[in-house]
Amino acid sequence: MRIDSFPRVDREARRLLEKMSIVNPAVDVERIAQTLGLNVIRQQFQEDLSAVLVKSGNASTIGINSKHPRARQRFSIAHELGHYWLDHPGDMFVDKTTATVLFRDGRSGDGTSLHEMEANRFAAALLMPPHFLIESFMAMERAGTFGVTEMVASLAKQYEVSQQAMKIRLSSLGLINLA
């Protein structure tokens, strides 16, 4: 694992937000995908299949599992945007809840763990940018009327992500302790 790539991934997510002139939550990941020339389609995949990215020149497509909750779909779109924006090698990315497979020219690829970690980090940084989230969290903390559980629920709703994703992001930013 090369965690040292995460600062680059965080910078790239912020660069994309700036390019799209996004200045507050919730980030419209579908608009970002469309602006970048990616088609987003929803299909009823098997439950364990979250998303697919097929890179094909100027006609790249993100396929999303329409059976998954909206917050999960948004994270999946952001994850696939990570593969695309970070220019991960390969023509097709298939993301399952149990495993992820990267295909290069129809063959199974190696080294996907780093790419998957980067795509997940990119998705978190895109949907819950630290410069937005820290400000939102501190404002709620100053108000002093919320416990951690209520803050997580409120922020998850504001950022249109799952409460689990919000907990993980707040913890990774050092704003809450999951222990």
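Preceding this paragraph is the structure being described.
Calculation rules
- Residues numbered from 1 in each chain as written.
- Predicted model: local features only at pLDDT ≥ 70, side-chain atom pairs only at ≥ 80, totals over all residues.
- Heavy atoms only, no water.
- Axes fitted to C-alpha atoms, helices over the stretch in contact; angles between N-to-C directions.
- Helix = DSSP H or I, 4+ residues; strand = E, 2+ residues; numbered from the N terminus.
- Parallel < 35°, antiparallel > 145°, perpendicular 65-115°, else oblique.
- Left-handed = near helix turned anticlockwise from the far one by under 90°.
- Contact = heavy atoms within 4.5 Å.
- Nonpolar A, V, L, I, M, F, W, Y, C, P; charged D, E, K, R; others polar.
- Expected span 1.5 Å × (residues − 1).
- Buried < 20%, exposed > 50% of the residue type's maximum accessible area, 1.4 Å probe, protein only.
- Lys, Arg positive; Asp, Glu negative; His and termini not counted.
- Salt bridge = Lys/Arg side-chain N within 4 Å of Asp/Glu carboxyl O.

**Regarding the packing of helix H5 (residues 130–143) against helix H6 (residues 148–159)**
- Running from N to C, H5 and H6 point in directions that differ by 140°, and their axes come no closer than 11 Å. Relative to H6, the element H5 lies oblique. Of the two elements, H5 crosses H6, and the hand of that crossing is right-handed. Of the residues in H6, those touching H5 at Phe132, Leu133, Ser136, Phe137, Met140 and Glu141 are Met151, Ser154, Leu155, Gln158 and Tyr159.
- Within the contact of H5 with H6, the residues separate by chemical class into seven nonpolar, three polar and one charged.

**Here's the deal with helix H3 (residues 70–85)**
- For H3, spanning 16 residues, the distance from its first C-alpha to its last is 22 Å, which sits close to the expected 22 Å at 1.5 Å a residue.
- Along H3, the residues classified as buried are Gln73, Arg74, Ser76, Ile77, Ala78, His79, Glu80, Leu81, Gly82, His83 and Trp85.
- Aspartate 87 lies just past H3 and shows a positive phi near 55°.

**Some words on unusual backbone geometry**
- A cis geometry characterises the amide bond from proline 25 onward to alanine 26, with omega recorded as -5°.
- Its place among the elements puts alanine 26 in the loop between helix H1 (6–19) and helix H2 (29–35).
- With a phi angle near 60°, serine 21 is a residue other than glycine that sits in the positive phi range.
- Serine 21 gets classed as exposed once you look at its relative accessible area, which sits at 58%.
- Here glutamate 160, not a glycine, exhibits a phi torsion of approximately 55°, which is positive.
- Relative to the elements of secondary structure, glutamate 160 occurs in the loop between H6 and helix H7 (163–172).

**Focus: the side chain of glutamate 80**
- Its place among the elements puts glutamate 80 in helix H3.
- Despite being buried, glutamate 80 has no salt bridge partner; lysine 55 is the closest side chain of opposite charge, sitting 9.3 Å away.

**Section: the environment of proline 7**
- When you line up the elements, proline 7 lands in helix H1.
- A residue is classified by how much of its surface remains accessible, and proline 7, at 43% relative accessible area, is partly exposed.

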